[in-house]
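Per-entry structural report
Read off the chains here:
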Amino acid sequence: KPQLVASNDRFCRFLEEHCPVVTETYYPTIWCWEGRVQTLLRPFITSRPQVEYRNELIKTADGGQISLDWFDNHDSLYYPDASTRPTVLLLPGLTGTSKESYILHMIHQSETLGYRCVVFNNRGIAGEELLTPRTYCAANTEDLEAVVHHVHDLHPSAPFMAAGVSMGGMLLLNYLGKTGRDTPLMAAAIFSAGWNVFESVESLEKPLNWLLFNYYLTTCLQSSISRHRQMLEKLFDMDLVMKARTVREFDKQFTSVMFGYRTIDDYYEDASPCRKLKSVGIPVLCLNSVDDVFSPAHAIPVETAKQNANVALVLTSCGGHIGFLEGIWPRKCTYMDRVFKQFVQAVFEHGNKIFSM
């Protein structure tokens, strides 16, 4: 069974009643239960539901643009009125977009419940052009704030919550820690967030983890900016950035410089959601596996979570990073998908039971 960490008895009872998956025994796929194997295989094993998006480009205050992919769910039987159709904002991982299989599965789950989804693609990675020499990072929440208010302004009468995966979860937590209760979001779900960036990069720099994950992630980051080289060369030594062989080296030469941090340690401290968890002002459910090399178990802020009545942690012993595969042939639905579906439905349909906490 997963470990449920929450200081608020009402929140616990709410989850046990309306999101019972968090108290059920999780049986990982027996032939790939180890965390790194789950992490590596999930993208290849899980299916990719068909989703048709409507793309929207919105302008930012600094002259940039953000690409949003909407799944409007106009065929919703439960919520035929678009003005009041519940809306879920989805935040993919580090170099992820609306095309990631875990995002497609979240949309598929939402579709069956009648909800609308919108995917927040970070600047420059979903095919759109960079209009300014700026991309994104886990610490800077300006773009996310703009998107949250844009979506809310379009549908002010619609119940509204968000879900973030990996770096998307870190960004969402940092936003919630900054805004407290001053957000249009009712609640949030966080999956496989890296709680302490120092501990995450140290774990990823261990020899096997570097070979399996770190080098590949670094090349993905470099690939995501190489298309915009002409724009970015105005501010950066791109040859030096392209020589990075670890995420830490990339962040030192590029990310921390772009967002004006004096040192990479300053950036990593600001990007670590564990520092902001105490300030979260709306109900948040966070799922992590303790065998996730991207977010080591000892760095999960269990004690801090116990000090905030709005926070519940669900910790599984297996599952890896965005893995949570279950069943003999885990093609269609993961434990993470089931947590997402039940929690989102609980918030939209029974949320009044926790909003008075």
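Presented here is a report on the structure given in the accompanying data block. Keep in mind that this is a model prediction, so the values were computed, not measured. (Residues numbered from 1 in each chain as written. Predicted model: local features only at pLDDT ≥ 70, side-chain atom pairs only at ≥ 80, totals over all residues. Heavy atoms only, no water.)

Considering a nonpolar patch on the surface
Side chains of Ile30, Trp31, Ile328 and Trp329 sit close together on the surface and give an oily, nonpolar patch of about 530 Å² of accessible area. Residue placement: Trp329 occurs in the loop between strand 9 (311-316) and helix 13 (335-350). You can call Trp329 exposed: its relative accessible area is 57%. (Patch = residues over 30% accessible without salt bridge, like charges linked within 9 Å, V, L, I, M, F, W, Y side chains within 5 Å. Areas by Shrake-Rupley, 256 points an atom, 1.4 Å probe, with all protein chains shown as cover. Salt bridge = Lys/Arg side-chain N within 4 Å of Asp/Glu carboxyl O. Helix = DSSP H or I, 4+ residues; strand = E, 2+ residues; numbered from the N terminus. Buried < 20%, exposed > 50% of the residue type's maximum accessible area, 1.4 Å probe, protein only.)

Looking at the state of the cysteines
Throughout the structure, instances matching the rule amount to 0 disulfides. You can see Cys32 has no disulfide; the closest cysteine sulfur is in Cys318, sitting 10 Å from it. (Disulfide = S-S within 2.5 Å.)

A look at the packing of aromatic side chains
With the rule as written, the count across this model stands at 14 aromatic pairs. Relative to Tyr215, the ring of Trp210 lies with its centre 5.5 Å away and its plane at 45 degrees, an arrangement referred to as tilted. Put simply, the rings of Phe198, Tyr261, Tyr267 and Tyr268 touch in pairs and so form one group of aromatic residues. (Phe/Tyr/Trp six-rings, centres within 6.5 Å; stacked < 30°, edge-to-face > 60°.)

Details of the sheet that holds strand 2 (residues 54-59)
Consider a sheet: its strands pair through backbone hydrogen bonds, and that pairing is either parallel or antiparallel. Strand order across the open sheet formed by 9 strands is 1-9-8-7-6-4-5-3-2, with mixed pairing between neighbours. The open sheet terminates on both sides in strands that have one partner only, identified here as strand 1 (3-6) and strand 2. With direction set aside, neighbouring strand axes in the sheet form an average angle of 20 degrees. Contacts from helix 3 (residues 101-113) reach strand 3 (65-71), strand 4 (87-91), strand 5 (116-121), strand 6 (160-165) and strand 7 (188-191), with the element oriented near 170 degrees to strand 4. Seen against the sheet, helix 13 touches strand 4, strand 6, strand 7, strand 8 (284-289) and strand 9 and runs at an angle of roughly 165 degrees to strand 6. (Pairing = 2+ DSSP bridges. Axes fitted to C-alpha atoms, helices over the stretch in contact; angles between N-to-C directions. Contact = heavy atoms within 4.5 Å.)

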